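Analysis of the macromolecular model
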Amino acid sequence: MNFDPIAPHYRWIELLGAGGTLQRCRTAFLQQIPAPKNVLILGEGNGRFLTGLRRQFAGAAVTCVDSSARMLDLARARLVRHQLHTGNIRFIHADALAWPPPHKEFDLIATHFFLDCFRMDQVAALVEKLGAAATSDALWLLSDFQIPARGLRRCRARLILWMLYAFFRATARLPARKLVCPDHFLKEAGFTLAHRRLYEWDLLRADWWGRNPAPQR
């Protein structure tokens, strides 16, 4: 998987494809969650979630892992452009599948439009590894695509996802050919769904999972 070739164009690709909806998914719960101390972000891309996180929780330590060096450069530049400090942010250029995270260190994990890049076996391995890196009271913020259960919404979602996977397999060499729902693996890792918000005819979801989550509402 290599997002370097499309990294400079990713912003307008996102805007053309979804407007501001993906960013609304990423930041859906930032104003509701308790202040984290140590955050792990996987597949951050060009830094849009990181910027929102830094504005909301300036004191949190952040580890940002991405396999694209160009995306990491864009994320750093975005923080500087918005005059947000980078002193307690670690940018790690690494393949998430191979990167060994520290044990029980992070009280907030964020994977926004990231797990959909991987095959089922890879999603299972990633969630298990990240679960071991999370504290006993950790939260997990997740945004992703989904396929609605029935009707026109389901047909629309399947067509959109077919086009997206075809595009990103050609441009970024995604290992995945279809969407994998990570819910089962998150539950196996000890997380419970606390909140879910749906967007774009239920094509997009923003999730708040936790090991000691707030009650659903």
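This write-up is about the structure you can find in this document. Not measured: the values here are computed from a predicted model. (Residues numbered from 1 in each chain as written. Predicted model: local features only at pLDDT ≥ 70, side-chain atom pairs only at ≥ 80, totals over all residues. Heavy atoms only, no water.)

**A few points about the overall build of the chain**
For the record, the criterion: Numbering of helices and strands runs from the N terminus, with a helix taken as a DSSP run of H or I at least four residues long and a strand as a DSSP run of E at least two residues long. Only the C-alpha atoms count toward the radius of gyration. The rule for a globule is 2.2 Å times the residue count to the power 0.38. Throughout, exposure labels follow a simple rule: accessible area from a 1.4 Å probe, protein chains only, divided by the maximum for the residue type, with under 20% read as buried, over 50% as exposed, and the rest as partly exposed. By definition in these notes, contact holds between two residues if any of their heavy atoms fall within 4.5 Å. Computed with the Shrake-Rupley method and a 1.4 Å probe, the accessible areas treat only the protein chains shown as cover for residues.
Counting its secondary structure elements, the chain contains seven helices and seven strands. Walking the chain from its N terminus toward its C terminus, one meets helices and strands in the order α-α-β-α-β-α-β-β-α-β-α-α-β-β. Taking 17 Å as the expected radius of gyration for a compact globule of 217 residues, we find that the chain reaches 16 Å, a close match to that expectation. Over its C-alpha atoms, taken along the principal directions, the chain stretches across nearly 45 × 40 × 30 Å. Out of the 217 residues in the chain, the part that is buried amounts to 52%. Of the contacts made within the chain by residues no fewer than 6 positions apart, 70% connect residues no fewer than 24 positions apart. Just so you have it, the chain exposes about 10500 Å², and 54% of that area is on carbon and sulfur atoms.

**Things to note about the pattern of salt bridges**
Threshold: Note on definitions: salt bridges are taken to be side-chain nitrogens of Lys or Arg within 4 Å of carboxyl oxygens of Asp or Glu.
Per the stated rule, a full pass over the model turns up ten salt bridges. The salt bridge partner of arginine 205 is aspartate 207, with a shortest N-O separation of 2.9 Å. Just as arginine 205 is buried, aspartate 207 falls in that class too. Salt bridges sharing partners connect three or more residues here, namely Asp183, Arg196, Arg205 and Asp207.

**A few points about the nonpolar core**
This is how the line gets drawn: Joining through side-chain atoms within 4.5 Å is the link that ties buried Ala, Val, Leu, Ile, Met, Phe, Trp, Tyr and Cys residues into a set, and such a set is a nonpolar core.
Residues Ile33, Leu50, Leu53 and Trp140 are the most contacted members of the largest nonpolar core, which totals 74 residues. In terms of residues, this core owes the most to one element, strand E5 (residues 134-145), which gives seven residues. Discounting residues that sit within four places of it in the chain, leucine 50 has contacts with Ile41, Glu44, Val62, Ala75, Leu79, Ile89 and Phe91.

**What to know about the pairing of strand E2 (residues 61-66)**
To keep it simple, the criterion reads: What makes two strands pair is DSSP finding at least two bridges between them. By convention a crossover is right-handed if, when the strands point away from the viewer, the path from the first strand over the helix to the second runs clockwise.
Most of E2 is tucked away: five of the six residues are buried. Two elements, strand E1 (residues 38-42) and E2, share five bridges in a ladder whose sense is parallel. Along E2, the bridge assignment pairs leucine 40 with threonine 63. A crossover links E1 with its parallel partner E2, the connecting element being helix H3 (residues 48-56), and its sense is right-handed. One ladder, built from five bridges, connects E2 with strand E3 (residues 89-93); its direction is parallel. Considered in E3, the bridge of threonine 63 is made with arginine 90.

**Here we look at the packing of aromatic side chains**
Two descriptors summarise a pair of aromatic rings, namely the distance from one centre to the other and the angle between the planes of the rings. Test applied: Stacked, edge-to-face and tilted labels apply to pairs of Phe, Tyr and Trp rings (six-membered ring for Trp) whose centres lie within 6.5 Å, assigned for plane angles under 30 degrees, over 60, and everything in between, in that order.
Under the definition given, this model contains six aromatic pairs. Their ring planes at 65° and their centres at 5.7 Å tell us that phenylalanine 29 and tryptophan 208 sit as a pair that is edge-to-face. Of this pair, phenylalanine 29 sits in the loop between helix H2 (21-26) and E1 while tryptophan 208 is found in strand E7 (residues 204-210), placing the two residues 179 residues apart along the sequence. In this structure phenylalanine 29 comes out as buried when scored by relative accessible area, which is 4%. The class for tryptophan 208 is buried, based on a relative accessible area of 5%. The interplanar angle of 65° and the centroid separation of 5.4 Å between the aromatic rings of phenylalanine 113 and phenylalanine 145 together place this pair among those described as edge-to-face. One end of the pair, phenylalanine 113, is in the loop between strand E4 (106-112) and helix H5 (120-133); the other, phenylalanine 145, is in strand E5, with 32 residues separating them in the sequence.

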